[in-house]
Amino acid sequence: MDTIDIISLIVGFAAIIFVYFWWSYKYWERRNVPFIPPRYFSGNFEPPLRRNISQFEEFIRLYNYAKSQGWKYCGIYNITNPLLMVLDLELLKSILTKDFNHFVDRGQYVNEKDDPLSAHLFSIGGEKWRNLRVKFTPTFTSGKMRQMFQTVSDCGLALEKYLEGEVHDQKPIDIKSVAACYTTDIIGSCAFGIECNTFKEPDSPFRSFGQKIFERSRLGLLKFSLIFSFPNLARFLRCNITPDDVTKFFMKVVNDTVEYRMKNNVVRKDFLQSLIELRAQEQQEHKKDGKSLTMAEIAAQSFIFFVAGFETSSTTMTFALYELATHPEIQEKAREEILQVLKRHDNKFSYDAVNELVYLKQVIDETLRKYPALPMVTRVCVKDYKIPGTDVVIEKGTKIIVPIAGIHRDERYYKDPERFDPDRFSEANKEHINPYANLSFGEGPRICIGMRFGVMQTKVGLASILKNYRVRLNEKTKIPLKISIRSFIPTTDGGMWLTLEKI
Ligand code: HEM
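As named in an unreviewed UniProt entry, the chain is Cytochrome P450, taken from Callosobruchus maculatus. Here the chain is described in UniProt, under the heading Cofactor (unreviewed entry), as follows: "heme".

Here it is, written out as structure tokens:
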């Protein structure tokens, strides 16, 4: 092959790639849907290797652009993958609830064979998801929350004890890391039946693997983005999104714990026990065909309870404490309520006492409005859907983006949206909020299954701190807050440093 041949080959190849992108970027135009102009090769998202904005801020930016055009929905591209971002609350109601049958799946990457932990309740779709969701729902009732309360409350005491040793001489405390240890201990215990003791052992594998799952390098972000855009190719190439050591660790923990419980007839009131009982029930029902939850499936569900349960709540605690530190009057009001409730309940947190913390719940709701743990969620259209009142048909296979962070900061739904105001969620005011403008836990049949648990642990964590300490922002916290580019769940770069003052 001479030089001319090589050059022709390169030019030809480049032309094919260029035409492929050009044609892909015509998708929304062909469907008569307004769209945000994409950049060649990366679409509408910052390329991971050159990213200098968090995904949280990026989704708000895309939302605001579409809003400024007066669009109810619009097309965007992730690399070449067309996504439909929906702004209109009525259409969101149809997608998430009324016409849910068209949008059952989330379109997350699942690869049971090569990445067994990826096949969990959050990512699976169709009948498999329906069956599992029905079976898990009883695990999250208020009765079950009451049973698990003791674990949460014990971890609250461990948090108090830890702070007693740490708080002295105005020492700055990185509250993000404290909150993450607290929620890791709770979810480690409830999802795996393991006492993690992360306050005593900060290098415990649960803590380090927990960090590894959420903080991705730029290369990791690139891999994630490619898998998200080309899931079939990724499955063909046997890609995994869960790092091998994470899979190995969590599979082993679940295997060992289940085996131990079966051998020693140990029964605990936690998520893992519900899974073990579910498997026993299925083994009875499917004696002939042997179809019952496998160990890998049990591990995947425990894994998602851990993943979905610890970082969401610890981030919420962190941003709540940041806002309380910068709004002392709101902090005093929250503390006053906590002390009053404790007085009525023998100075102890019980399940009922925590339910009486109404203002603290408003603080959490407002924190999740400003800083939703998931800045967006997805759905996939599983059968063609005509958008009501239009001629536009959403094709089967199209991914829908629900831009939670954008909606939560839209002044059409929340007056003065940058202001932190828990009174928006008071009994009297919250009835004026459209439920589809308040999507911190999602909506419809795929709404967060662990919502009650998440709120319970966040309340106990916050109350355990606020009853003992006045919190102030420490100068080590970088202001304005810089949201990390490495994590999908909003988190600040450089920690969140507070000064705690004993009351
Ligand atoms: C403050 C805490 C939490 C927040 C803000 C939160 C938020 C969310 C959101 C936004 C979704 C997606 C809903 C949708 O697509 O409509 C979700 C789903 C989910 N969450 Fe949570 N979550 C929290 C705590 C928890 C906890 C503690 C658990 C488990 C112990 C959990 C387990 C799940 C699972 C399994 C799903 C998938 C449900 C399904 O697809 O059927 N979450 N969560």
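Caption draft 1: Seen up close, the sheet that holds strand E9 (residues 497-502). Overall, antiparallel pairing links the three strands, which are arranged E3-E9-E8 in an open sheet. One side of each edge strand has no neighbouring strand; the edge strands of this open sheet are strand E3 (173-174) and strand E8 (469-473). Where E3 meets E9, two bridges bridge the pair, whose relative direction is antiparallel. Within E9, the position partnered with Asp174 by the bridge is Trp497.

Caption draft 2: A look at the packing of aromatic side chains. In this structure the tally under the stated criterion is 32 aromatic pairs. Taken together, a centroid distance of 6.5 Å and an interplanar angle of 35° make the contact between Tyr414 and Phe425 tilted. A residue pair is termed long-range when its members are at least 10 positions apart, and Tyr414 in the loop between helix H17 (404-408) and helix H18 (427-430) and Phe425 in the loop between H17 and H18 qualify at eleven residues. The same class applies to Tyr414 as to Phe425, namely buried. Across the ring face of Trp23, the terminal group of Arg30 is positioned such that the distance to the ring centre comes to 3.7 Å. The ring of Tyr371 carries the charged tip of Arg409 above its face, separated from the ring centre by 5.5 Å.

Caption draft 3: Layout of unusual backbone geometry. Note that the residue after Ile479, namely Pro480, is joined by a cis bond; omega there is -5°. Mapping Pro480 onto the fold places it in the loop between E8 and E9. You will see that Asn32, though not glycine, has its phi angle at about 65°, which is positive. Within the fold, Asn32 resides in the loop between helix H2 (27-30) and helix H3 (55-68).

Caption draft 4: Quick look at helix H9 (residues 218-229). Look at H9: 16 Å from first C-alpha to last across twelve residues, which is about the 16 Å you get at 1.5 Å a residue. In the core, the buried residues of H9 are packed alongside strand E1 (73-78), strand E2 (81-86), helix H10 (231-236), strand E4 (377-380) and strand E7 (399-402).

Caption draft 5: Quick look at the site of the ligand. Neighbouring residues of the ligand: 28 residues in total, closest Arg106, Trp129, Arg133, Arg379 and Cys448. Residue Arg133 places a side-chain N or O atom 2.7 Å away from an oxygen atom belonging to the ligand. Among the elements of the structure, helix H5 (126-136), helix H13 (295-326), E4 and helix H19 (451-466) are those that each provide at least two residues to the shell around the ligand. In terms of residue count, the dominant contributor to the shell around the ligand is H13 (six residues). Classifying every residue of the shell around the ligand gives 15 nonpolar, eight polar and five charged.

Caption draft 6: Main features of the pairing of E4. With burial as the criterion, each face of E4 is covered, one bearing Val377 and Arg379 and the other bearing Thr378 and Val380. Pairing of E4 with E7, which is carried by four bridges, proceeds in the antiparallel orientation. Bridged to Val377 within E7 is Val402.

Each value, and the rule that gives it
- Residue numbers restart at each chain and count upward from 1, following the sequence in its written direction.
- For a predicted model such as this one, the threshold for reporting local features is a pLDDT of at least 70, and the threshold for listing and counting side-chain atom pairs is 80 or more; totals across whole chains, interfaces and linings nevertheless cover every residue.
- Excluded from the side-chain calculation are hydrogens and water; included are all heavy atoms of the structure.
- UniProt positions are given in the numbering used here, feature names are shortened, and annotations may be inferred rather than shown by experiment.
- Pairing between strands requires that DSSP locate at least two bridges from one strand to the other.
- Working definition: helices are DSSP H or I runs of at least four residues, strands are E runs of at least two. Numbering for both runs from the N terminus.
- Each Phe, Tyr or Trp ring (for Trp, its six-membered ring) is paired with any other whose centre lies within 6.5 Å, and the angle between the two planes then decides the class: stacked below 30 degrees, edge-to-face above 60, tilted in between.
- The cut-offs for exposure are 20% and 50% of the maximum accessible area for each residue type, with area from a 1.4 Å probe on protein chains only; residues under the lower value are buried, those over the upper are exposed, and the others partly exposed.
- Here, a charge over a ring means that NZ of Lys or CZ of Arg falls within 6 Å of the ring centre while also lying within 35 degrees of the ring normal.
- By this rule, a helix spans an expected 1.5 Å times one less than how many residues it contains.
- Any two residues whose heavy atoms approach within 4.5 Å are treated as being in contact.
- Working definition: residue near molecule or strand if any one of its non-hydrogen atoms lies within 4 Å of it.
- Nitrogen and oxygen atoms within 3.5 Å of one another constitute a polar contact, given that in protein one can donate a hydrogen and the other can accept it, and given that sequence-neighbouring residues count only through two side-chain atoms.
- Classification used: nonpolar for Ala, Val, Leu, Ile, Met, Phe, Trp, Tyr, Cys and Pro, charged for Asp, Glu, Lys and Arg, polar for all others including Gly.

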